[in-house]
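# Coordinate inspection notes
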Amino acid sequence: MRFTKAILVSAASLLLPLMGQATPVNTVGTLSVGGLSFDNFACSVTKQGVAGPTSCGKIDVSTISNPAQGIQFSSGFLAGSLGFLSFDDATINYHVTSAAGIDKIGLDFNGTFYGWAISSVTETVKDSNNNIVGFATVQCGPGAIGCTRSDSIALNGVYNDLYVVKDINVSSFVGLAQISYVDQTFSLAPEPGSLAMLGAGLLGVAGLLRRRSKLAAAKAANNNV
């Protein structure tokens, strides 16, 4: 019990400064990176017990280009407890557009847990008609849940407009759950011109392989004469 309490105190002291330096996600206008544009950000936070962040003003959002183009949400997401339910649940909504079209979304986070606790991110992706076109959950928790820190959402089509609902949750009964960042990356569909060039290149390679095969066969036939 003393060990668990020490972990809670230590983690809280490390994470709270990160929370204080956050840029409010609910005041962000438009972000752009690599042909992607993000806007219409909205956020709400519900907490109980020893948990944070306490408000959307302590959640930062910024663009990223590695390992792919997208955005990152960061804060000191933390829930700690020594025998009672403690949790923090942040729901973030935003709109993303791309002229090239989006066909896949990546989800990655650095969630951890100690004891009976869980860190999770649930992603729901909708089109402009409010139809769900993608869904994924990554989570770290005890027992059979284990840790799944990344996932790839293959959409059921190519979309220029998408609306994303992200639920970031840390919950604890006895132990500690924490997250400091959640990455969201996007795969853009190849442009028609790029597809045509790729097709032409593949045909050229196929022709070259056939020619080499015929030459090899002819050489083998001459050697056998």
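Computed from a prediction, not measured in an experiment: that's the story for all the values here. (Residues numbered from 1 in each chain as written. Predicted model: local features only at pLDDT ≥ 70, side-chain atom pairs only at ≥ 80, totals over all residues. Heavy atoms only, no water.)

Turning to the overall build of the protein chain, a few remarks are in order. Scanning the protein chain from terminus to terminus reveals 2 helices and 9 strands. Starting at the N terminus and walking to the C terminus, you meet the elements of the protein chain as α-β-β-β-β-β-β-β-β-β-α. Here the protein chain holds 225 residues, and 40% of them are scored as buried. Carbon together with sulfur atoms contributes 57% to the accessible area of the protein chain, which is approximately 11600 Å² in total. (Helix = DSSP H or I, 4+ residues; strand = E, 2+ residues; numbered from the N terminus. Buried < 20%, exposed > 50% of the residue type's maximum accessible area, 1.4 Å probe, protein only. Areas by Shrake-Rupley, 256 points an atom, 1.4 Å probe, with all protein chains shown as cover.)

Quick look at a nonpolar patch on the surface now. Judged by side-chain polarity, Leu85, Trp116 and Phe173 come together as a nonpolar surface patch covering roughly 380 Å² of accessible area. Along the chain, the position of Leu85 falls in strand E5 (residues 70-109). For Leu85, a relative accessible area of 45% corresponds to the partly exposed category. (Patch = residues over 30% accessible without salt bridge, like charges linked within 9 Å, V, L, I, M, F, W, Y side chains within 5 Å. Salt bridge = Lys/Arg side-chain N within 4 Å of Asp/Glu carboxyl O.)

For the rest of this paragraph, the subject is the nonpolar core. One finds Val25, Phe38, Phe41, Tyr94, Val96, Leu155 and Leu162 to be the most contacted residues of the largest nonpolar core, which totals 41 residues. Within the residue set of this core, elements represented by two or more residues are strand E1 (31-33), strand E2 (36-48), E5, strand E6 (112-126), strand E7 (132-141) and strand E9 (150-188). The leading source of residues in this core is E5, at 12 residues. Filtering out sequence-adjacent residues up to four positions away, Val25 remains in contact with Phe41, Cys43, Cys56, Ile59, Val61, Phe73 and Ile92. (Core = buried A, V, L, I, M, F, W, Y, C linked by side-chain atoms within 4.5 Å. Contact = heavy atoms within 4.5 Å.)

Per the counting criterion, the structure on display carries 1 salt bridge. In this structure, Lys166 engages Glu123 in a salt bridge whose closest nitrogen and oxygen atoms are separated by 2.8 Å. Of this pair, Lys166 sits in strand E9 while Glu123 is found in strand E6, placing the two residues 43 residues apart along the sequence. Taking relative accessible area as the criterion, Glu123 reaches 0% and is therefore assigned buried.

Below, the discussion takes up the pairing of E9. For E5 and E9, the ladder comprises 36 bridges, and the chain directions are antiparallel. Pairing of E6 with E9, which is carried by 15 bridges, proceeds in the antiparallel orientation. Its bridge partner being in E9, Lys126 is matched across the sheet by Tyr163. (Pairing = 2+ DSSP bridges.)

It is worth spelling out the environment of Phe135 at this point. Positionally, Phe135 belongs in strand E7. Along the backbone, Phe135 and Glu123 are 12 residues apart, and their C-alpha atoms lie at a distance of 5.5 Å. Here Phe135 is in contact with Thr122, Glu123, Thr124 and Ile153, once residues within four sequence places are set aside.

Our next topic: the pairing of strand E4 (residues 60-64). Of the strand pairs in this sheet, E4 and E5 are connected by 5 bridges, and their pairing is antiparallel. Bridge assignment links Ile64 to a residue of E5, and that residue is Gly70. Linking E4 back to E5 in an antiparallel pair, the connection comprises 5 residues.

Take the confidence of the model for the protein chain next. Considering every residue of the protein chain, the mean pLDDT works out to 82; 75% of them sit at 70 or more. The low-confidence segment residues 1-22, where pLDDT is below 50, has 30 contacts with residues more than four positions distant or belonging to other chains. Scored below 50 in pLDDT, residues 193-207 shows 1 contact in the model against residues more than four places distant or in partner chains. (pLDDT = per-residue confidence, 0-100.)

Right, let's talk about the packing of aromatic side chains for a bit. Enumeration over the complete set of coordinates arrives at 4 aromatic pairs. Here the aromatic rings of Phe41 and Tyr94 are separated by 5.7 Å at their centres, their planes lie at 25 degrees, and the arrangement is stacked. Here Phe41 is found in strand E2, whereas its partner Tyr94 is found in strand E5, with 53 residues between them in sequence. For the pair formed by Phe41 and Tyr94, the shared burial category is buried. Centroid distance Phe73 to Tyr94: 5.9 Å. Interplanar angle 40 degrees. Geometry classified as tilted. Its relative accessible area of 0% is what places Phe73 among the buried residues. Here the aromatic cluster, defined as three or more aromatic residues joined through ring pairs, consists of Phe38, Phe41, Phe73, Tyr94 and Phe186. (Phe/Tyr/Trp six-rings, centres within 6.5 Å; stacked < 30°, edge-to-face > 60°.)

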